[in-house]
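Here is what each chain is made of, one letter per residue.
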Amino acid sequence: MASDSDTTPSSSPNRLVSLDALRGFDMIWIIGGDSIGHALADMGGANSGILGAISTQLNHVGWDGFRFYDLIFPLFVFIVGVSLVYSLTRIVERDGRKAAMGRVIRRGLLLWFIGIIYYGGWSEGIYNTEANEGIRLLGVLQRIGLCYLFAGLLFLYLKPKGLLIALISLLVSYWAMLSFIPVPGQAAVSFEEGKNLTNWFDSKYLPFFKYDGTHDPEGILSTLPAIGTCLMGVFCGLLLRNGTMPQIKKVAWLVGGGVACILLGYLWGMQFPVIKKLWTSSYVLIAGGWSALFLASFYWMIDIKGWQRWAIPFVWIGLNPITIYLLGNVISFDGLALRVLGGPIQTLADSMAQGLGAVIASVGGVALAWAVCWWMHRRKLYLRL
């Protein structure tokens, strides 16, 4: 979860504060924002109404479909695409394309390696077949690294028309493979878990530990359309960086493009289901469409209207996403918060309202993560790759 040079503090007038804030908004759900929603719904009971609906949206769908929580990961990949337009363009202008290419390769591979360490590295050995433990070659950080790597290289060597062809080719070819190539031994194509080409390919060709046993939601074939998600961010970055287009027109293009992608995604989903664990092409369009709408909203409020004060806490997190993400793997913010807010305090809160203690603990965990990012920001400490 790295932040690019366009989003670290600088005196550049072209820095997008809205992008920092959107990245922080996205990260807040990863570091515990979802637990607050669940705790509030539990406090409300079975008939919690709107809180129950919100809690449902903060869970992934079982297989096919789309909820808010299914947007969190692709939104970050999308933001990576927006960011690289700014950072790599500056590197090319200052040091040349060769230097930019070197940065892309180093950074992509470093993220991939950190991802391996994040999931335990080789602490459980290379691979234990019986326990399904060992090195996880592909995961969330690895996918981000690979998307950055390939989208960055495409951005450096292709013009917008070529990037559009690459995006369409990735989505259409992935659709064609899953729609017309049945798993060996099956009479017909299937999109069901364990019976589709993507899962089969992982079971045959992805070595070592796989998150879902025989396959991985961040597996080999599904990385192809995920690169497409990053490219959608690249197009939005190119739009925002256009110095000749009025800002409000940029917002209109983001909104119009976002709505069009969502509608097209649901239409495509009638044949090619919207499945996050397969990162289907229809899912790419829907997630990309919503990402564009969120970007348009943040850009309009923060960079156009100048309403920045409310977004400052999100900016703190957005400037240090990799730090807070890695810390969340080492320590439990909720657990640390319970050391202070648990016990008698939690009991007292529950005596006031059933489940209030869990809400306070969840809020405390998020507040602790926020405090770490605030402290780092005050001291101008930014972990970059």
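What you see is a predicted model, and the numbers here were worked out from it, not measured in a lab.

Caption draft 1: Structural view of the packing of aromatic side chains. Summed over the entire model, instances satisfying the criterion amount to 22 aromatic pairs. Judged by centre distance (5.2 Å) and plane angle (85°), the rings of Y118 and Y119 are edge-to-face. On the accessibility criterion, Y118 (17% relative accessible area) is buried. For Y119, a relative accessible area of 25% corresponds to the partly exposed category. Judged by centre distance (5.3 Å) and plane angle (85°), the ring pair of W279 and Y283 falls under edge-to-face. There is no split in this pair, since W279 and Y283 are both buried. One aromatic cluster in this structure is built from F25, W29, F68, F294, F298, W310, F314 and W370. The aromatic ring of Y148 is capped on one face by R107, whose charged end is 4.9 Å from the ring centroid. Here the guanidinium or amino end of R143 rests over the ring plane of W279, the centre of that ring lying 5.0 Å away.

Caption draft 2: Representation of the side chain of S18 within the structure. If you trace the backbone, S18 turns up in helix α1 (residues 17-44). The buried category is assigned to S18, whose relative accessible area is 0%.

Caption draft 3: Structural detail: the pattern of salt bridges. A complete count under the given rule lists 7 salt bridges for this structure. R23 serves as the salt-bridge partner of D20, at 3.5 Å between the closest nitrogen and oxygen. You can see D20 and its partner R23 sitting in helix α1, 3 residues apart, about one turn around the helix. Both residues of the pair, D20 and R23, count as buried. Linking E192 and K195 is a salt bridge whose minimum nitrogen-to-oxygen distance equals 3.6 Å. We classify E192 as partly exposed; its relative accessible area is 47%. What emerges from the salt-bridge pattern is a single network uniting R136, D216 and E218.

Caption draft 4: Quick look at a nonpolar patch on the surface. A surface patch of nonpolar side chains, amounting to about 570 Å² of accessible area, comprises L110, F113, I117, W122, I126 and Y127. For the nonpolar patch, the element with the most residues is helix α4 (residues 97-118), which contributes 3 residues. Its location among the elements puts L110 in helix α4.

Caption draft 5: Representation of the packing of helix α13 (residues 333-341) against helix α15 (residues 356-378). Interhelical geometry of α13 versus α15 gives an angle of 115° and a closest axis separation of 8 Å. Comparing the axis directions of α13 and α15 gives the class roughly perpendicular. Once α13 is placed against α15, the crossing between them reads as right-handed. Between α13 and α15, the contacting residues are F333, D334, L336, A337, L338 and L341 on the first element and I360, A361, S362, G364, G365, V366, L368, A369 and V372 on the second. Of the residues belonging to the contact of α13 with α15, the class tally is 11 nonpolar, 3 polar and 1 charged.

Caption draft 6: Examining the nonpolar core more closely. The biggest cluster of nonpolar side chains holds 87 residues, and the ones touching the most others in it are F78, L84, L88 and L295. Ranked by residues supplied to this core, first place goes to helix α3 (residues 72-95) with 14 residues. The residues touching F78, leaving out its near neighbours within four places in the chain, are T229, M232, G233, C236, G288, S291, A292 and L295. If you look at the next biggest cluster of nonpolar residues, it comprises 9 residues, including Y174, L221, F272 and I275.

Reading guide: rules and limits
Residues numbered from 1 in each chain as written. Predicted model: local features only at pLDDT ≥ 70, side-chain atom pairs only at ≥ 80, totals over all residues. Heavy atoms only, no water. Phe/Tyr/Trp six-rings, centres within 6.5 Å; stacked < 30°, edge-to-face > 60°. Buried < 20%, exposed > 50% of the residue type's maximum accessible area, 1.4 Å probe, protein only. Lys NZ or Arg CZ within 6 Å of the ring centre and 35° of its normal. Helix = DSSP H or I, 4+ residues; strand = E, 2+ residues; numbered from the N terminus. Salt bridge = Lys/Arg side-chain N within 4 Å of Asp/Glu carboxyl O. Patch = residues over 30% accessible without salt bridge, like charges linked within 9 Å, V, L, I, M, F, W, Y side chains within 5 Å. Areas by Shrake-Rupley, 256 points an atom, 1.4 Å probe, with all protein chains shown as cover. Axes fitted to C-alpha atoms, helices over the stretch in contact; angles between N-to-C directions. Parallel < 35°, antiparallel > 145°, perpendicular 65-115°, else oblique. Left-handed = near helix turned anticlockwise from the far one by under 90°. Contact = heavy atoms within 4.5 Å. Nonpolar A, V, L, I, M, F, W, Y, C, P; charged D, E, K, R; others polar. Core = buried A, V, L, I, M, F, W, Y, C linked by side-chain atoms within 4.5 Å.

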